[in-house]
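# Report on the structure
Take a look at the letters that make up each chain.
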Amino acid sequence: MNILTTGANGQLGNEIRLLAARDSGSPAGMTNGSLSGLDPESHFLFTDVTEASEESVAMLRKLAGGAPVDTSTRRLDITDLEAIRTLVSEEHIDAIVNCAAFTNVDAAESQPELAELLNAKAPENLAVAMKEVGGLLVHISTDYVFGGDPYNTPCREEQTGTPTGVYGLTKLHGEQAIARVGCKCVILRTAWLYSEFGKNFVRTMLRLTAEKPRLNVVFDQVGTPTYAGNLAAAIFTILARPVPGIYHYSNEGVCSWYDFTKMIAEMADQVRHDCNCHSGLDHRSHSGLDPESHPSRSSCDIQPCHSDEFPSPVKRPAYSVLDKTKVKQTFGLSVPYWTDSLRKCLSALI
Ligand SMILES: NC(=O)c1ccc[n+]([C@@H]2O[C@H](COP(=O)([O-])OP(=O)(O)OC[C@H]3O[C@@H](n4cnc5c(N)ncnc54)[C@H](OP(=O)(O)O)[C@@H]3O)[C@@H](O)[C@H]2O)c1
C-alpha cells in the first residue's frame, strides 16, 4: 500500500513520520513500513507546501531514537488538482492521509476565501484524485464543526454541524465536498490537538508558565486535549482495516483550558523532578533547554478567567467534547486518558 501524507510538516504529519519510522527502515523519499496491522510492504510519501523546519527535523531525529526517520518533503500544494493527480499516478498512491489545512482559527475570520480553498476545495481535490484510482482518503476534521448549540453532552457523528466561525464552517464544507465526490473515505473529527512539533497550546503554555509570574486562562470552555501521536496511531489502525464513514477521535476525559494549563505546569515540574532524580544532575545541565527560560520549578500563579476577558474575532464553543463510541467499537481502539498522553509528550519535550 502506497500512502501519501499531505501537510506532513505539521503537528499530525510529523507524528505520522515518527510512527512510520519506529517500526521500519527508511530509504530516502519513501519509508518502508512494517507497522502493526499495516501491510509490511506499505510505503509512506511525505508532502507539504514548504520544507520541514530545522527544529522539526531535529525533534523527529531525537524522538525516533536512532531509528531512520524520513525527514524528506516532496512539494505538493493540495489546492492544485493536476499536481495531486500527477503524484498519485507517478507514485501509484492507494491512500491519502490529509493532515493539511488552514488551522489558524482566528486568522480564518479575516481570510475566509483562503480558509475555504484549503479546508473545502483542497479536500475535494484529494477526494477526486482518490475516486479516479479507487483509493482511500483519510481526512481530518474538527470538533469546531459543532458549537453553535449549547451542548452539554458529547457530540455524536450524526449530529448536525453548527459551526461558530469561518474555520469550523469551512471544515464542514470540506466534509460535505468529500461526500459529494463519493470516494472511499474516512473522516476523523478531532479536537485540541497538540504534539512535540510546531506551535500548539502545550508548547506555548510550557513557555509562558516558565516566563510569567501570573497567567489568566479561560475556564468556561471545556473540551478534550488530544495528543497527535495517539491520533496518528489511530490512523494507522484505520488504514490497516478501513471502514468508510465519519468518526470522532480525541483523548479520553474532559477539562477546561485552565485545567489543561494547570496540568501542564504541574506535570512539567514532575517530569523535571524525575529527570533530576534519575540523573543526579540539574536537568538544565543535560536537557539542552535554556536555563533562563525553563527554570526547574514553575512559580507561575495560574488563575481561571472568563472568555470575554480575551477579545477574539471568533466565538469558540463552550462545550466541545466528542463522543468516541463509534471509533472505538468499529476499530477496536483503546483511547488513552488525556493526562497520560500529556505526560508522554512533556517527557519528550523536557
Ligand atoms: N490543531 C488543532 O488544535 C486541531 C483541532 C482539531 C482538528 N484539527 C485538524 O487536524 C488536522 C491537522 O492539524 P495540525 O494541527 O497538524 O495542522 P498544522 O500543524 O497547522 O499543519 C498543517 C500543515 O499543512 C500545510 N499546508 C498549508 N497549506 C497547504 C497546501 N495548500 N497544501 C499542502 N499543505 C499545506 C501547512 O504548511 P504551512 O505551515 O506552511 O502553512 C502545515 O505544514 C487539520 O485538518 C486540522 O484542521 C486540528
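Keep in mind that what you see is a predicted model, and the values were worked out from it rather than measured.

### Quick notes on the overall build of the chain
Helix and strand content of the chain: 11 helices and 15 strands. In summary, the chain has a C-alpha radius of gyration of 20 Å against a globular reference of 20 Å for 350 residues, a match within 12%. Viewed in the frame of its principal axes, the chain has a C-alpha envelope of about 55 × 50 × 35 Å. Counting the 350 residues in the chain, one finds 47% classified as buried. Across the chain, contacts joining residues at least 24 apart in sequence account for 82% of those joining residues at least 6 apart.

### Quick word on the pairing of strand E3 (residues 43-48)
Burial within E3 is extensive, with six of its six residues counted as buried. Residue alternation in E3 divides its side chains into two sets, His43, Leu45 and Thr47 and Phe44, Phe46 and Asp48, and both sets are buried. By the bridge criterion, four bridges tie strand E1 (residues 2-6) to E3 in an arrangement that is parallel. Note on E3: the bridge partner recorded for Asn2 is His43. Pairing geometry for E3 and strand E4 (residues 74-75), over two bridges, is parallel. Considered in E4, the bridge of Thr47 is made with Arg74. Handedness of the crossover is the feature at issue here: the chain leaves E3, passes through helix H2 (residues 54-64), returns alongside E4, and the resulting connection is right-handed.

### Description of helix H7 (residues 201-211)
Of all the residues in H7, the buried ones are Val202, Met205, Leu206, Thr209 and Ala210. Angular distribution of buried residues about the axis of H7 spans 125°; they occupy a single face of the element.

### Brief notes about the sheet that holds strand E15 (residues 319-320)
Taken in spatial order, the three strands make up an open sheet running E13-E10-E15, and their pairing is mixed. Edge positions in the sheet fall to strand E13 (255-256) and E15, since each has one partner strand and no second. As paired elements, strand E10 (residues 222-223) and E15 share two bridges and run parallel to each other. In the sheet register, Val222 faces E15, and the bridge partner there is Tyr319.

### Thoughts on the packing of helix H3 (residues 81-90) against helix H5 (residues 112-133)
The interhelical angle for the contact between H3 and H5, taken along N-to-C directions, is 35°, at an axis separation of 9 Å. Between H3 and H5 the crossing geometry is right-handed. For the pair H3 and H5, the contacting residues are Leu81, Ile84, Arg85 and Val88 in the first and Asn125, Leu126, Val128, Ala129 and Val133 in the second.

### Observations regarding the nonpolar core
With 96 residues, the main nonpolar core has Ile16, Leu126, Leu137, Val138 and Ile235 as its most contacted residues. Those residues in contact with Val138 that sit more than four places away from it in its chain are Ala95, Val97, Asn98, Val186, Leu188, Ile235, Ile238 and Leu239.

### Considerations on the pairing of strand E5 (residues 95-98)
Of the two faces of E5, the one lined by Ala95 and Val97 and the one lined by Ile96 and Asn98 are each fully buried. With four bridges joining them, E1 and E5 adopt parallel strand pairing. In the strand pairing of E5, Leu4 is matched with Ile96. Where E5 and strand E6 (residues 136-142) come together, four bridges link them in parallel fashion. By the bridge assignment for E6, Ala95 is matched with Leu136.

### Structural notes on the confidence of the model for the chain
Considering every residue of the chain, the mean pLDDT works out to 91; 91% of them sit at 70 or more. For residues 25-34, every residue scores under 50 in pLDDT, and the model assigns this stretch 33 contacts once sequence neighbours within four places are set aside.

### Remarks on the packing of helix H1 (residues 11-22) against H2
One way to put it is that H1 packs onto H2 with a least axis distance of 10 Å and a crossing angle of 35°. For the element pair H1 and H2, the recorded crossing hand is right-handed. Contact with H1, carried on its side by Asn14, Arg17, Leu18, Ala21 and Arg22, involves Ser56, Leu60, Leu63 and Ala64 of H2 and no other residues of that element. Among the residues making up the contact of H1 with H2, the classes are represented as five nonpolar, two polar and two charged.

### Re the environment of Ala101
Tracing the chain through its elements places Ala101 in the loop between E5 and helix H4 (105-110). Given 24 C-beta atoms within a 10 Å radius, Ala101 is considered buried. Here the alpha-carbon distance between Ala101 and Leu12, two residues 89 residues apart in the chain, equals 11 Å. Discounting residues that sit within four places of it in the chain, Ala101 has contacts with Gly7, Leu118 and Asn119.

Conventions used here
Residues numbered from 1 in each chain as written. Predicted model: local features only at pLDDT ≥ 70, side-chain atom pairs only at ≥ 80, totals over all residues. Helix = DSSP H or I, 4+ residues; strand = E, 2+ residues; numbered from the N terminus. Rg over C-alpha atoms; globule rule 2.2 N^0.38 Å. Buried ≥ 20, exposed ≤ 12 C-beta atoms within 10 Å, placed from the backbone. Contact = placed C-beta atoms within 7 Å. Pairing = 2+ DSSP bridges. Right-handed = clockwise from strand over helix to strand, strands pointing away. Arc of directions from axis to C-beta. Axes fitted to C-alpha atoms, helices over the stretch in contact; angles between N-to-C directions. Left-handed = near helix turned anticlockwise from the far one by under 90°. Core = buried A, V, L, I, M, F, W, Y, C linked by C-beta atoms within 7 Å. pLDDT = per-residue confidence, 0-100. Nonpolar A, V, L, I, M, F, W, Y, C, P; charged D, E, K, R; others polar.

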